[in-house]
Amino acid sequence: MGKLSAVWRETSHRYRLVAHQCGNCKKMYFPPRDICPDCHRESIGKMMEKELSGKGKIESFTIVHDAPSAFARQRPYVLALIRLDEGPVLTAQIVDSDFSELEAGRKVRAVFRKIREDGKGGIIQYGYKFVLE
Amino acid sequence: MLLSEDVYIIGAGETKFGELWERSLRELAVEAGLRAIESAGIYSKDVQLLYGSNSLGGTINSQNDIGSLIADFSGIASNHIPAIRIEASSASGAAAVREAYLGIRSGEYDCVMVGAVEKMTDLYGTEMLDHMGTMLDREWEAFFGGTPAAMAALSARKYMLDFNVPKEKLLSMSVNDHNNASMNPDAQYRNKITMEAAMESTMVAEPLNMMDCSPMSDGAAALVLCSGSFLRKRKLEGVKILSSAISQDFLALHSRRSIYTMDSTVLAARTAFERAGLKQKDISFAEVHDSYSIYGLTALEDLGFAEKGKAREVIDAGIGLGGPLPINPSGGLKAKGNPIGAVGVGQFVEAVSQISGKAGQRQVKDARVGLLQNVAGTGSTSIVHIVGGA
């Protein structure tokens, strides 16, 4: 995981939370996609970039104890499904929070953080995490 | 309309599932394959097509082209039959069986072999966990720290909250699995577990602990399938595949309509029941894809045995061998084991044992019709088969 070209390719969406909006039905998609699953052919060439507010609510969360190697130093960490105010649901970590404060429905906002490091001397990758509002 | 051939399973075999340090991927595949051929009462020259099923060989074992590998080391390379790998994550097994079934239904083949294998313990735990992330969406789930267990935990927490289901109900799937596996010589874990011990086991991804999670396993399973005309001509006996259905959904959990309903299972089950002309009450036993305990509960609902949120009623009525709906007589993914690409074929091996009355101590009484559910990852693909006869 984390080959240089892939890291570079994926940065704008991860750094700025850039979604795609279907120009046909106006639905927002994050992660971005090139074809709207509702409008199909009608949406081709009409998916527009749209920056998200980064605000949303916790849909569900877990505290991960058994972590992949790139996250070993963050263990235990909170992983959550977050429903953004604009509609899309995404998977991200929640940081800087007391585990006991976590609850479905709690408001959160995106912050820019280090996500993972791929071994000693490997690439350090950045992107969004969330904090409690 | 062209009459298509009925499809029968005439041979089934598997290796023990577990941490089989001394056995290689190819050895496991060959062992299961030979057992299947022997139990079928045919010769390897009768086999016209081989589907290899495997999911992680390319990443764990640095080995692709598993179809050729199995054909080669089963000694049938010089028969020059087609031998390719079918991959659909943890649903690879049932996907391969389904392709074999379609090959026979189409009239192109009379006798087809499915060889499924996964060799996971050639890597250590954490490395293995890194590779398990490949069954999720790498860019948008695994990248941020998602693991299969974490994704299941996200579903579990919301499910428990929305339907007021206590953790014990999830673990009752695991207790049942271990109970049944204690009577299965091929199972990875043959120890029974108590609810108390299960509740206190090491935390993996809250609210799921170790006893909610299937293990990483080595193992292989194989089947020989044939057409009705081949069966009659050779005077063989088999278990009929009554229906086969597959459905698909968004890859990532966050893109789905619901995080605790697998629409892929709902749709595959609906089609499988329709095509078999059967109802839920006709099922004698089911093997469900409980890679995590929560998926056992949602399977009961999505397969139509319970309404959404009410799997606990089926569990309370009894899912043990003597209950109204025996679930995972084999020991399931939790206790029989979870060799990713082989687990779906292992379910068929159990179904054949049960329906032919050869399941020994764990025999389900009057086991006539079995339902098998094999799922990819968190539900991106579900495959449902109904096997047996009236």
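Preceding block: the structure.
Residues numbered from 1 in each chain as written. Chains lettered and ligands numbered in written order. Predicted model: local features only at pLDDT ≥ 70, side-chain atom pairs only at ≥ 80, totals over all residues.

1. Notes on the nonpolar core
All names here are of chain B. Ranked by internal contacts, the top residues of the largest apolar core, which has 164 residues, are Val114, Leu223, Val224, Leu225 and Val345. Apart from the residues lying within four places of it in its own chain, the contact partners of Val114 are Tyr51, Ser53, Ala96, Val97, Ala100, Ala222, Leu223, Leu225 and Val345. Of all hydrophobic cores here, the second largest spans five residues; its members include Phe17, Ala181, Ala187 and Tyr189. (Core = buried A, V, L, I, M, F, W, Y, C linked by C-beta atoms within 7 Å. Buried ≥ 20, exposed ≤ 12 C-beta atoms within 10 Å, placed from the backbone. Contact = placed C-beta atoms within 7 Å.)

2. Side note on the sheet that holds strand β3 (residues 47-51) of chain A
Residue and element names in this part refer to chain A. Spatially, β2-β1-β3 is the arrangement adopted by the three strands of the open sheet, whose pairing is antiparallel. The open sheet has two edge strands with one neighbour each: β2 (28-29) and β3. With five bridges connecting them, strand β1 (residues 18-22) and β3 associate as antiparallel partners. Within the sheet, the bridge partner assigned to Cys22 lies in β3 and is Met47. (Pairing = 2+ DSSP bridges. Helix = DSSP H or I, 4+ residues; strand = E, 2+ residues; numbered from the N terminus.)

3. Section: the sheet that holds strand β2 (residues 49-53) of chain B
Residues and elements named next belong to chain B. With mixed pairing, the nine strands of this open sheet are ordered in space as β3-β2-β4-β7-β1-β8-β11-β10-β9. Each edge of the sheet is formed by a strand with only one pairing partner; in this case those strands are β3 (83-86) and β9 (285-287). Sheet twist, expressed as the mean angle between neighbouring strand axes with direction ignored, is 25 degrees. With five bridges joining them, β2 and strand β4 (residues 111-118) adopt parallel strand pairing. Bridged to Leu49 within β4 is Val112. Strands β1 (7-14), β2, β4, β7 (219-227), β8 (239-248), β9, β10 (369-376) and β11 (381-388) of the sheet are contacted by helix α14 (residues 343-355), whose axis makes an angle of about 175 degrees with β10. (Axes fitted to C-alpha atoms, helices over the stretch in contact; angles between N-to-C directions.)

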